[in-house]
Amino acid sequence: YVNIFFHKIGVTFQSFQVIISLLTLVITSIYLRKTSVFLGVSFILYFLVMFPLDYVLMRTSLSYAIVLNAFVFLSHARRLAFIILILIATLIHQSALLFLLFLLANDGSKIKNTYKYICYSIFLSIVLLGLSNANFLSTKIVTHFAYYQTTWKTILSSIIYHTISIFLIVANFNCKGKNSKYDCFIRNINVVSLLLFCLYFQADIFVRVFRLLVFVNLIYLVQDMIKNNKATIFGLIYIPFYLIYLVYYYIYP
């Protein structure tokens, strides 16, 4: 409806794209201000590894910019505000609804058991594959998934990159020793993201959720490293590895 409104008042699509991109930047900057001690560093990271694709994927990037701010509320245990922002983001792009999954990641007062979530992930994958093979999924969903061709190569690569990311974040958390509430929150959302693995068997498009999670992790690790003037070996591995990952797998193509 926003698109239609701007079209009817005579705004060109290119101008509309500029307006939406600026709005996305403003909303993203609010998130970066709340999660960064050194704001300039976070903006450089965003412009290098996210924005070159974000301004093309207008609906997704605007929706996910809202999701980023929802994460801030969730980290402070403001679950209602988190839900409201996710529902608003879903009005722009329906994939944002998947982020409601992260309600399982509490505010950091309790550490999530990684092994339990691995078991949950395997169980969900088996169930979803069973439903898919038995044609229990609606025709509309199957038709939509058909647009995003999935092969075993893409499935395994998505799972492997996602697994490495979770391992490094959890290992970084364990090596830090003294952890803050936000450290626990970052660890928890990564562990909970194991539940997304079942979706990789259905369509490649779900990797967009992981892409945003990687960005959240990068901002967290870089800011933590600069603020405390120290880093774990796992954090030092994560940062360059996933900077290259974001550029090579999303921007370069």
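See the structure printed just above.
Residues numbered from 1 in each chain as written. Predicted model: local features only at pLDDT ≥ 70, side-chain atom pairs only at ≥ 80, totals over all residues. Heavy atoms only, no water.

S.K.: So what's going on with the overall build of the protein chain? Which residues, and what values?
M.R.: Looking only at helices and strands, the protein chain features 13 helices and zero strands. In the protein chain, the order of α-helices and β-strands from amino to carboxyl end is α-α-α-α-α-α-α-α-α-α-α-α-α. In terms of overall dimensions, the protein chain is globule-like: its C-alpha atoms have a radius of gyration of 18 Å, near the 18 Å expected for 253 residues. Considered along the principal axes of its C-alpha atoms, the protein chain spans approximately 55 × 50 × 35 Å. Relative to its full complement of 253 residues, the protein chain shows a buried share of 48%. Entry remark: accessible area of the protein chain is about 13,500 Å², with carbon and sulfur atoms responsible for 69%. Separation of charge centres in the protein chain, based on 19 positive and 5 negative side chains, amounts to 5 Å. (Helix = DSSP H or I, 4+ residues; strand = E, 2+ residues; numbered from the N terminus. Rg over C-alpha atoms; globule rule 2.2 N^0.38 Å. Buried < 20%, exposed > 50% of the residue type's maximum accessible area, 1.4 Å probe, protein only. Areas by Shrake-Rupley, 256 points an atom, 1.4 Å probe, with all protein chains shown as cover. Lys, Arg positive; Asp, Glu negative; His and termini not counted. Charge placed at Lys NZ, Arg CZ, Asp CG, Glu CD.)

S.K.: Please set out the pattern of salt bridges residue by residue, giving values where relevant.
M.R.: The final tally for this structure, using the stated rule, is three salt bridges. Salt bridges linked by common partners bring Lys176, Asp183 and Asp224 together as one network. (Salt bridge = Lys/Arg side-chain N within 4 Å of Asp/Glu carboxyl O.)

S.K.: Outline helix H12 (residues 207–228), supporting the account with residue identities and numerical values.
M.R.: Compared with the 32 Å implied by 1.5 Å per residue over 22 residues, the 31 Å span of H12 between its first and last C-alpha is a close match. Among the 22 residues in H12, 17 count as buried, and that is most of the element. Just downstream of H12 lies asparagine 229, where phi reads positive at about 55 degrees. (Expected span 1.5 Å × (residues − 1).)

S.K.: Outline the side chain of aspartate 224, supporting the account with residue identities and numerical values.
M.R.: Structurally, aspartate 224 is set in helix H12. Residue classification places aspartate 224 among the buried positions, given a relative accessible area of 14%. Those residues within four positions of aspartate 224 in sequence are excluded, and the remaining contacts are Lys176, Asp183 and Lys230. (Contact = heavy atoms within 4.5 Å.)

S.K.: How would you summarise the nonpolar core if you had to cite specific residues and measurements?
M.R.: In terms of nonpolar packing, the biggest core is built from 77 residues, with Val67, Phe71, Phe99, Phe102, Ile189, Tyr242 and Tyr245 touching the most fellow members. Broken down by element, the residue count for this core peaks at 13 residues, all from H12. Excluding residues within four positions of it along the chain, phenylalanine 71 makes contact with Phe82, Phe99, Phe102, Phe185, Ile189 and Val216. (Core = buried A, V, L, I, M, F, W, Y, C linked by side-chain atoms within 4.5 Å.)

S.K.: A description of the packing of helix H2 (residues 13–35) against helix H5 (residues 58–75) should follow, citing residues and the corresponding values.
M.R.: The contact between H2 and H5 brings their axes to 9 Å, and the two run at 15 degrees. Comparing the axis directions of H2 and H5 gives the class roughly parallel. In this structure, H2 meets H5 at a crossing whose hand is left-handed. In contact with Phe13, Phe16, Gln17, Ile20, Leu23, Thr24, Ile27, Thr28, Ile30, Tyr31, Lys34 and Thr35 of H2, H5 contributes Met58, Ser61, Leu62, Ala65, Ile66, Leu68, Asn69 and Val72. (Axes fitted to C-alpha atoms, helices over the stretch in contact; angles between N-to-C directions. Parallel < 35°, antiparallel > 145°, perpendicular 65-115°, else oblique. Left-handed = near helix turned anticlockwise from the far one by under 90°.)

S.K.: With reference to specific residues and values, describe the state of the cysteines.
M.R.: Linking two cysteines covalently via their sulfur atoms produces the bond known as a disulfide. Following the criterion strictly, the structure yields zero disulfides and no others. Counting only cysteine sulfurs, cysteine 175 is the nearest neighbor of cysteine 184, a cysteine outside any disulfide, at a range of 15 Å. Lacking any disulfide linkage, cysteine 198 is separated from the closest cysteine sulfur, that of cysteine 119, by 14 Å. (Disulfide = S-S within 2.5 Å.)

S.K.: Lay out helix H6 (residues 79–92) in plain terms, naming residues and giving numbers.
M.R.: The terminal C-alpha atoms of H6 lie 20 Å apart, and with 14 residues this matches the ideal 20 Å at 1.5 Å per residue to within 8%. By the burial criterion, the buried members of H6 are Ala81, Phe82, Leu85, Ile86, Ala89 and Thr90. Looking at the buried residues of H6, the elements they touch are H5.

S.K.: I'd love a proper account of the packing of aromatic side chains, names of residues and values included.
M.R.: Evaluation of the coordinates by the stated rule reveals 31 aromatic pairs. Judged by centre distance (4.9 Å) and plane angle (45 degrees), the rings of tyrosine 161 and tyrosine 245 are tilted. Here the residue tyrosine 161 occupies a position in helix H9 (residues 152–176), and tyrosine 245 occupies one in helix H13 (residues 233–251), the gap between them amounting to 84 residues. Using a relative accessible area of 19% as the deciding quantity, one classes tyrosine 161 as buried. On the accessibility criterion, tyrosine 245 (5% relative accessible area) is buried. Here the aromatic residues Tyr161, Phe210, Tyr238, Phe241, Tyr242, Tyr245, Tyr248, Tyr249, Tyr250 and Tyr252 are joined through ring pairs into a cluster of three or more. The ring of phenylalanine 173 has arginine 187 lying over it, and the distance from NZ or CZ to the ring centre is 5.6 Å. The residue whose ring lies beneath arginine 211 is tyrosine 250, and the NZ or CZ to ring-centre distance is 5.6 Å. (Phe/Tyr/Trp six-rings, centres within 6.5 Å; stacked < 30°, edge-to-face > 60°. Lys NZ or Arg CZ within 6 Å of the ring centre and 35° of its normal.)

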